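For reference, the chains in residue letters:
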Amino acid sequence: MRIQNKGVVKLPSSSYLSILFLIPFSLANYASSATESSFSPPVNYLIDCGSSTHTQLKDGRTFKSDRETTSLLSITEDLQISVDSLNISVSPSVPLYKSARVFTEESTYTFYISKTGRLWIRLYFFPLSHPSYDLTSAVFSVQTDHFVLLHEFSVRNNDSLVFKEYLVNVSYSRFSLKFKPKKKSFAFINAIEVVSAPDTLISDSATAISPLREFKGLLQSALQVSYRVNVGGQAITPDIDTLSRTWEPDSSYNIFPQGSESVAVSNKSIKYPQNGATTPLIAPKLVYATAAHMKDPRVMEPNFNLSWMMNVDKSYSYLIRMHFCDIVSISLNQLYLNVYINGIEGVSALDLSSQTKSLATAYYKDFVVSASAITNGSILVQVGPANLQQGTSNAILNGIEVMKMSNNADSLDGFFSVDGKYKGPSSTCTSLKIAASIGLGLALTAMVLLTIVFIKWLRRPQGWEEHKRFSSWLLPINSGCKTRLFSCKSTSQNSSTFGSHKSNNVHSPSSYHSPRGPEKFFPFIELQQATQNFDEKRVIGVGGFGKVYLGTLKDGTKVAIKRGNVVCPTLPREQANLADWAMKLHRIGMLHKAIDPHIVDTISPESFKIFVLVAEKCLADHGVDRPSMGDVLWHLEHALQIQVAASQINATKSTCPNSFQHPNEYDNIAYHSGDPTSDVSESTNDNYVLFSQMVNFNGSPYCYKDSVLKFIQVIWSNL
């Protein structure tokens, strides 16, 4: 069993002990270094929770029992757990894990602080077995008066010892440590340390990375020790550290051990600078007496760096302390190195000689890495040669400390403050991110739509401008629509010319194919319902041949419905559209049969020919093939002049029985016998009414002109 390392300590294994052969002195020499600079903490609370007697460790420290510290604890229920032994032999602190105190409700330790300043807060956790309480299922939080140390914390397995170490600045005479179980759960603790730290241990400033600048405000932050590494050396236990700290070897973090080599000297050769910037309280001599440097730098690549990587929580900033001591140079001003953190240069050409003024002298430097500079959940510490003209091509590192800094919620575990309020990424920021995402989505959608519009424009049909509206070429559902009387082209391809078929469209019960495409027609009663029986309040326009109403179909579709006074709803379906029906008769040479027999004998064949040709041109499928309105009016005026001249000639004659008989060159305009009963089919009888309403001819050429213009207007309104 080993101590877990996540702010948790790993103690030495047999592989670590092999390095002892590189160090020509005994542990007794190490222990002597602790006495060189002793520190007596004014605040020194050591509690072995759940123990009935005090516990003394190998380092000489004595932890008091629960009975001796009852005045410090506010609790309503006394629950203690203890065992006789643990199957763990690697940790000198094992005796502290053999007992525990259990809290079923919020409980508080209150300590009197004789001297304010930085305090070590060290917590020991191990889930002992108990018939009534499964400590591996406990979920709880631990917090001070101002900082959250643990939030909804748990120890899920009992094969490792968990150790948490914090540095908290206290400015009041009383200090509280609260254990708060989650609802329907409980909390536990095996041992507690609340001990003063030297004032010189952590200064208020450091070198910030990204951007490179001076950082101030460390005294306002709570710190959690994540890693404390003795580079190039063995593990250092609390009994041989000046402040009862634990240091672990660097073998687990050295990511390129092939390029590094450990070096060690006697701890007696290590000196501390006379200015007091670095003292044995910063780190013991054993840290500075061992190091890792470049293995034969003469054959290594110029860009080679010594590298160590440690996993961290990427949502926090970290204080990085690097320890240096030049124990490899034989003279001053020979070692110049660059320092990098997460690939960012923190120091260029660091000259230890200029900092310490002598060899084998302790030196450290602090860096702050912001959360924004931690992208992959790890911190990479590197040192490499500065590659200057002077000096040797080498680099060295003696120790690394990594400490998590409290966040905006004054927490070292999550974003909930001591009052339970969430102070993480604000909802406003989240809303802004959502809004930005939506905005980006809309922008992309707009770009796609614009691309579609551009493609549609390039593929627009000829004559789209005849509709004088954007949708005639843009929208597929309207690309085939014509502003005919109650009609629109269908997508069906199953109907033959002038045939009909049933439609699946709920508001298009029937349809047929006209010469210019499939059509859809609506029962008259449905149009009445859509316009509320052609309510005058729904009139949105008035034309020469009827009013236009705003209608609503059964499926909610808004439509414009023109009620023309030239269409008879009793006509057969194929005759309902005057323009289509007239063009059909013209193609089969039967157009003369659609003329009212009461006026057929008064029409000049030459005038009628010009009139029909103009109408045919106006009904061309493509706009480029249709005449302008000026051309239409000119030809109609010409047809009118011919008709007037013919009328004057006919006025001198008593009868003109065969005046509408013409030769074949009149382009499908057939001869008329004058007998409506013999020449006009039954299917065209209803059209007599249509044409007689349209041209109501009384012999006056000007009335005829009005009738012609009205007929042309009918054609244009059906385009």
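Residues numbered from 1 in each chain as written. Predicted model: local features only at pLDDT ≥ 70, side-chain atom pairs only at ≥ 80, totals over all residues. Heavy atoms only, no water.

Peer 1: Describe the sheet that holds strand β27 (residues 378–385), and please don't skip the residues or the numbers.
Peer 2: Ordered in space as β22-β27-β24-β25, the four strands form an open sheet in which the pairing is antiparallel. Strand pairing shows two members of the sheet lacking a second neighbour, β22 (306–311) and β25 (344–351), which therefore form its edges. Adjacent strand axes in the sheet meet at a mean angle of 15 degrees when their direction is disregarded. Sheet analysis places strand β24 (residues 336–341) next to β27, joined by five bridges and oriented antiparallel. Within the sheet, the bridge partner assigned to Y340 lies in β27 and is Q382. (Pairing = 2+ DSSP bridges. Helix = DSSP H or I, 4+ residues; strand = E, 2+ residues; numbered from the N terminus. Axes fitted to C-alpha atoms, helices over the stretch in contact; angles between N-to-C directions.)

Peer 1: Account for the pattern of salt bridges, naming residues and giving values.
Peer 2: Here the structure, examined in full by the defined rule, presents 13 salt bridges. Residue D199 is joined to K115 by a salt bridge in which the shortest nitrogen-to-oxygen separation is 3.0 Å. Here D199, found in the loop between β15 (191–196) and β16 (205–209), pairs with K115, found in the loop between β8 (107–112) and β9 (117–125); they are 84 residues apart in sequence, far enough to count as distant. Since its relative accessible area comes to 37%, K115 is described here as partly exposed. For R122, the salt bridge goes to E165, with nearest N and O atoms at 2.9 Å. Within this pair, whereas R122 is found in strand β9, its partner E165 is found in strand β12 (residues 160–170), the two being separated by 43 residues in sequence. Take R122 and E165: they sit in the same class, and that class is buried. (Salt bridge = Lys/Arg side-chain N within 4 Å of Asp/Glu carboxyl O. Buried < 20%, exposed > 50% of the residue type's maximum accessible area, 1.4 Å probe, protein only.)

Peer 1: Report on the sheet that holds strand β21 (residues 290–294), specifying residues and quantitative values.
Peer 2: With respect to topology, three strands assemble into an open sheet ordered β20-β21-β28, the strand pairing being antiparallel. At either end of the open sheet lies a strand with only one pairing partner, and these are β20 (260–264) and β28 (396–397). Pairing of β21 with β28, which is carried by two bridges, proceeds in the antiparallel orientation. If you follow A292 over to β28, its bridge partner there is L397.

Peer 1: Quick one: what's the story with the environment of I320, residue by residue and with numbers?
Peer 2: Positionally, I320 belongs in strand β23 (residues 318–324). Put simply, I320 and A208 are 112 residues apart on the chain and 10.0 Å apart in space, counted from C-alpha to C-alpha. Ignoring any residue separated from it by four or fewer positions in sequence, one finds I320 in contact with I341, K365, D366, F367, V369, I379, V381, E401 and V402. (Contact = heavy atoms within 4.5 Å.)

Peer 1: Go over the side chain of N398, please, and point to the residues and values.
Peer 2: Mapped onto the secondary structure, N398 falls in the loop between β28 and β29 (399–405). In terms of polar contacts, N398 uses its side chain to reach the backbone amide nitrogen of C325, at 2.7 Å. Each residue touching N398, except ones within four places of it in the same chain, is listed here: V229, N230, V231, V287, Y288, T290, A291, H323, F324, C325 and I327. (Polar contact = N/O pair within 3.5 Å; in protein donor to acceptor, adjacent residues only side chain to side chain.)

Peer 1: Give a detailed account of the nonpolar core, specifying residues and quantitative values.
Peer 2: Core analysis: the largest hydrophobic core is formed by 128 residues, its most contacted members being Y109, I121, F125, L177, W308, I320 and F324. At seven residues, the largest contribution of residues to this core is made by β12. Not counting residues up to four positions away in its chain, the partners in contact with Y109 are I47, C49, D66, L72, L73, R101, F103, F175, S176, L177, F179 and I192. By size, the runner-up hydrophobic cluster in this structure holds 11 residues, among which are W581, L591, I595 and V612. (Core = buried A, V, L, I, M, F, W, Y, C linked by side-chain atoms within 4.5 Å.)

Peer 1: For the pairing of strand β34 (residues 546–552), give the residues involved together with the corresponding values.
Peer 2: Sheet topology note: the β34/strand β35 (residues 558–564) ladder contains seven bridges and is antiparallel. Bridging across to β35, V548 finds its partner in K562. What sits between the antiparallel neighbours β34 and β35 is a turn of five residues, in which G556 has the positive phi angle 95 degrees.

Peer 1: Describe unusual backbone geometry, listing the residues and the values that go with them.
Peer 2: Of note, the amide linkage connecting S210 to P211 takes the cis form, showing an omega dihedral of 0 degrees. Position of P211 relative to the elements: it lies in the loop between β16 and β17 (213–216). Despite not being glycine, E152 shows a phi value in the positive range, around 50 degrees. In this structure, N333 takes a positive phi of about 60 degrees despite not being glycine. Classification of N333 by relative accessible area gives partly exposed; the value is 39%.

Peer 1: Any details on the packing of aromatic side chains? Residues and values, ideally.
Peer 2: Here the structure, examined in full by the defined rule, presents 22 aromatic pairs. Where F103 meets F179, the ring centres are 5.1 Å apart and the plane angle is 25 degrees; that geometry is what we call stacked. Of this pair, F103 sits in strand β7 (residues 99–103) while F179 sits in strand β13 (residues 174–181), placing them 76 residues apart in sequence. Aromatic side chains F324 and Y363 sit 6.4 Å apart centroid to centroid with 35 degrees between the ring planes, which places their arrangement in the tilted category. You can see F324 sitting in strand β23 and its partner Y363 sitting in strand β26 (residues 363–369), a full 39 residues away along the chain. The same class applies to F324 and to Y363, which are both buried. An aromatic cluster of three or more residues is present, and its members are Y45, F103, Y109, F111, F175 and F179. Above the ring of W247, the side-chain terminus of R228 is found at 5.8 Å from the ring centroid. (Phe/Tyr/Trp six-rings, centres within 6.5 Å; stacked < 30°, edge-to-face > 60°. Lys NZ or Arg CZ within 6 Å of the ring centre and 35° of its normal.)

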